[in-house]
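Structural description and commentary
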Amino acid sequence: MVLPMIELNTGMNMPQIGLGTWKAEAGKVGEAVRYALEEAGYTHIDCAAIYENEAEIGEALSSVFSRGSVKREDVFITSKLWNTEHDPTRVRHACEKTLKDLQLDYLDLYLMHWRIAQNDTGEIIDIPFEETWQAMEMLVETGLVRAIGVSNFTEDMLTSLLERVAIVPAMNQVEMHPYLPQESLRAFCHEKNIHITAYSPLGRPGGQHEGDPTPKLIDHPIVMSIAKAYGKTPAQVLLRFGLDRGVVVIPKSTTPSRIAENIDAISFTLSQEDITKLLALEIPHRYVEPSLWWGIPYFS
Ligand SMILES: NC(=O)c1ccc[n+]([C@@H]2O[C@H](COP(=O)([O-])OP(=O)(O)OC[C@H]3O[C@@H](n4cnc5c(N)ncnc54)[C@H](OP(=O)(O)O)[C@@H]3O)[C@@H](O)[C@H]2O)c1
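In this report, we go over the structure that sits alongside the text. (Residues numbered from 1 in each chain as written. Predicted model: local features only at pLDDT ≥ 70, side-chain atom pairs only at ≥ 80, totals over all residues. Heavy atoms only, no water.)

To continue, consider the pattern of salt bridges. Applying the stated rule across the entire model yields 19 salt bridges. The partner of Glu38 in a salt bridge is Arg34, with the nearest N and O atoms 3.0 Å apart. With Glu38 and Arg34 both in helix 1 (residues 29–40) and 4 residues apart, this pair spans about one turn of that helix. Here Arg72 makes a salt bridge to Asp108, at a shortest N to O gap of 2.9 Å. Of this pair, Arg72 sits in the loop between helix 2 (54–67) and strand 5 (76–81) while Asp108 sits in the loop between helix 3 (88–102) and strand 6 (109–112), and the two are 36 residues apart along the sequence. For the pair Arg72 and Asp108, a shared accessibility class is recorded, and that class is buried. Within this structure, Glu31, Arg34, Glu38, Glu39 and Arg67 form a network of salt bridges that share partners. (Salt bridge = Lys/Arg side-chain N within 4 Å of Asp/Glu carboxyl O. Helix = DSSP H or I, 4+ residues; strand = E, 2+ residues; numbered from the N terminus. Buried < 20%, exposed > 50% of the residue type's maximum accessible area, 1.4 Å probe, protein only.)

Put simply, helix 3 and helix 4 (residues 129–141) touch, their axes get as near as 8 Å, and they point 40 degrees apart. The angle between the axes of helix 3 and helix 4 places the two elements in the oblique class. Between helix 3 and helix 4 lies a crossing of right-handed hand. Along its contact with helix 3, which presents Pro88, Val91, Arg92 and Cys95, the element helix 4 presents Glu131, Thr132, Ala135, Met136 and Leu139. Tallied by class, residues from the contact of helix 3 with helix 4 come to 6 nonpolar, 1 polar and 2 charged. (Axes fitted to C-alpha atoms, helices over the stretch in contact; angles between N-to-C directions. Parallel < 35°, antiparallel > 145°, perpendicular 65-115°, else oblique. Left-handed = near helix turned anticlockwise from the far one by under 90°. Contact = heavy atoms within 4.5 Å. Nonpolar A, V, L, I, M, F, W, Y, C, P; charged D, E, K, R; others polar.)

Taken N-terminus to C-terminus, the directions of helix 2 and helix 3 make an angle of 50 degrees; their axes are 6 Å apart at the nearest point. The angle between the axes of helix 2 and helix 3 places the two elements in the oblique class. The segment helix 2 lies against helix 3, with Glu54, Ala55, Ile57, Gly58 and Leu61 engaging Thr98, Asp101 and Leu102.

Strands sit in the order 3-4-5-6-9-10-11-12 across an open sheet of 8 strands; the sheet is parallel. A single partner strand is all that each edge strand has here, and the edge strands are strand 3 (19–20) and strand 12 (248–249). Summarising the sheet, strand 5 and strand 6 pair through 4 bridges and their orientation is parallel. Note on strand 6: the bridge partner recorded for Leu81 is Met112. (Pairing = 2+ DSSP bridges.)

For the rest of this paragraph, the subject is the side chain of Gln16. Tracing the chain through its elements places Gln16 in the loop between strand 2 (13–15) and strand 3. Polar side-chain contacts of Gln16 include one of 3.1 Å to the backbone oxygen of Leu243. Residues within four places of Gln16 in sequence aside, it is in contact with Pro4, Met5, Ile6, Gly242, Leu243, Gly246, Val247, Val248 and Val249. (Polar contact = N/O pair within 3.5 Å; in protein donor to acceptor, adjacent residues only side chain to side chain.)

Time to look at the packing of aromatic side chains. Inspection of every chain in the model, using the stated rule, returns 9 aromatic pairs. Aromatic pair Trp22 and Trp293: ring centres 6.4 Å apart, planes at 85 degrees, arrangement edge-to-face. Placement of the pair is Trp22 in the loop between strand 3 and helix 1 and Trp293 in helix 11 (residues 291–294), with a sequence separation of 271 residues. On the basis of relative accessibility, which here comes to 38%, the residue Trp293 falls in the partly exposed class. Relative to Tyr287, the ring of Tyr179 lies with its centre 6.4 Å away and its plane at 25 degrees, an arrangement referred to as stacked. Here Tyr179, found in the loop between strand 10 (171–175) and helix 6 (183–191), pairs with Tyr287, found in the loop between helix 10 (272–279) and helix 11; they are 108 residues apart in sequence, far enough to count as distant. This pair shows no difference in class: Tyr179 is buried, exactly as Tyr287 is. Here the aromatic residues Trp22, Tyr51, Trp82, Trp114, Trp293 and Trp294 are joined through ring pairs into a cluster of three or more. In this structure, Arg72 is placed above the aromatic ring of Tyr106, and the distance from its NZ or CZ to the ring centre is 4.0 Å. (Phe/Tyr/Trp six-rings, centres within 6.5 Å; stacked < 30°, edge-to-face > 60°. Lys NZ or Arg CZ within 6 Å of the ring centre and 35° of its normal.)

Looking now at the pairing of strand 11 (residues 195–199). Taking burial as the measure, the 5 residues of strand 11 include 5 buried ones, the bulk of the element. Covered by surrounding structure in strand 11 are His195, Thr197 and Tyr199 together with Ile196 and Ala198, the residues of both alternating faces. In the sheet, strand 10 pairs with strand 11 via 5 bridges, with the strands oriented parallel. By the bridge assignment for strand 11, Asn172 is matched with Ile196. A crossover connection joins strand 10 to the parallel strand 11 through helix 6; in handedness this β-α-β unit is right-handed. Bridge count between strand 11 and strand 12: 2 bridges; the pairing is parallel. Counterpart to Ala198 in the pairing with strand 12 is Val249. (Right-handed = clockwise from strand over helix to strand, strands pointing away.)

Here you go:
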């Protein structure tokens with residue numbers, strides 16, 4: 001199986017589909033990663049320190065690489081710097097901890113997870129994200145990571161970052177799906193040579209916040225009717241929507257049949273007419289809403 005690739009602004013290739021691991025439970029995530037790499041044909045895993053499962057993922061990666069079924073250099077591994085590690089003096093240590101947990105010598109991509117800095121008790125503190133970024137630039141210099149990027153950055157945040165830094169982020173990982181297509185951000189990033197990874201590309205079925213009245217994206221009649229017309233599943237249509245817009249998609253699953261179903265989204269393409277129908281589903285609606293965690297709206 002040949003996965004579609006995108007070329008980052010570093011010249012490196014990144015598989016356009018990968019396995020997400022947020023809320024991938026202990027006791028399941030390692031097997032999901034093994035299955036994805038050894039049986040389903042994935043070569044890209046999306047991790048983060050805050051998911052608290054990097055040690056189990058590291059065990060799985062180590063077994064896969066030591067069996068030789070898949071080589072380290074053929075897998076693209078992303079992780080993310082958590083908010084409590086934004087102090088420039090803590091960035092390297094945080095990255096080394098992730099590398100130790102994942103049992104790796106280097107990461108292909110390291111992202112600043114949010115622009116928000118917090119102290120160890122969770123209070124929001126004032127560390128300009130440009131300073132954190134400069135410490136992340138040093139990680140590239142020392143070879144711990146091959147590329148750096150950001151996550152949950154708006155156009156304004158990127159503009160401010162670009163004015164002050166040496167390395168242009170290779171990636172902006174943001175929520176993106178038909179209810180939140182973010183066309184303006186997509187065009188802005190394209191112009192600046194920053195790629196986009198779409199997180200929650202399926203609309204987090206099963207993971208909506210309690211009380212969220214928004215109908216499940218995966219059950220939307222338009223998504224279902226397009227799926228029927230192509231003989232594909234609604235999940236595959238949602239992933240294809242991302243692939244056809246040129247973004248990277250990272251669906252999370254620990255269910256082997258779904259892990260296989262999701263990567264099969266590479267096997268077809270949507271017509272422009274169907275992409276337009278899906279774009280018209282914009283609400284906009286965020287499934288990942290930081291105001292619920294930190295009491296501040298997304299764009300502040
Ligand atoms: N940078 C950030 O701030 C950020 C935020 C959110 C997410 N992410 C990353 O993006 C990844 C994906 O986003 P997400 O986990 O929020 O949401 P998602 O991938 O849109 O949805 C995951 C949910 O969909 C289910 N599922 C997977 N494949 C399915 C299929 N074919 N049919 C029906 N249901 C299916 C999964 O269940 P099962 O596992 O039970 O199969 C899981 O409940 C994350 O895991 C994480 O790596 C990053």
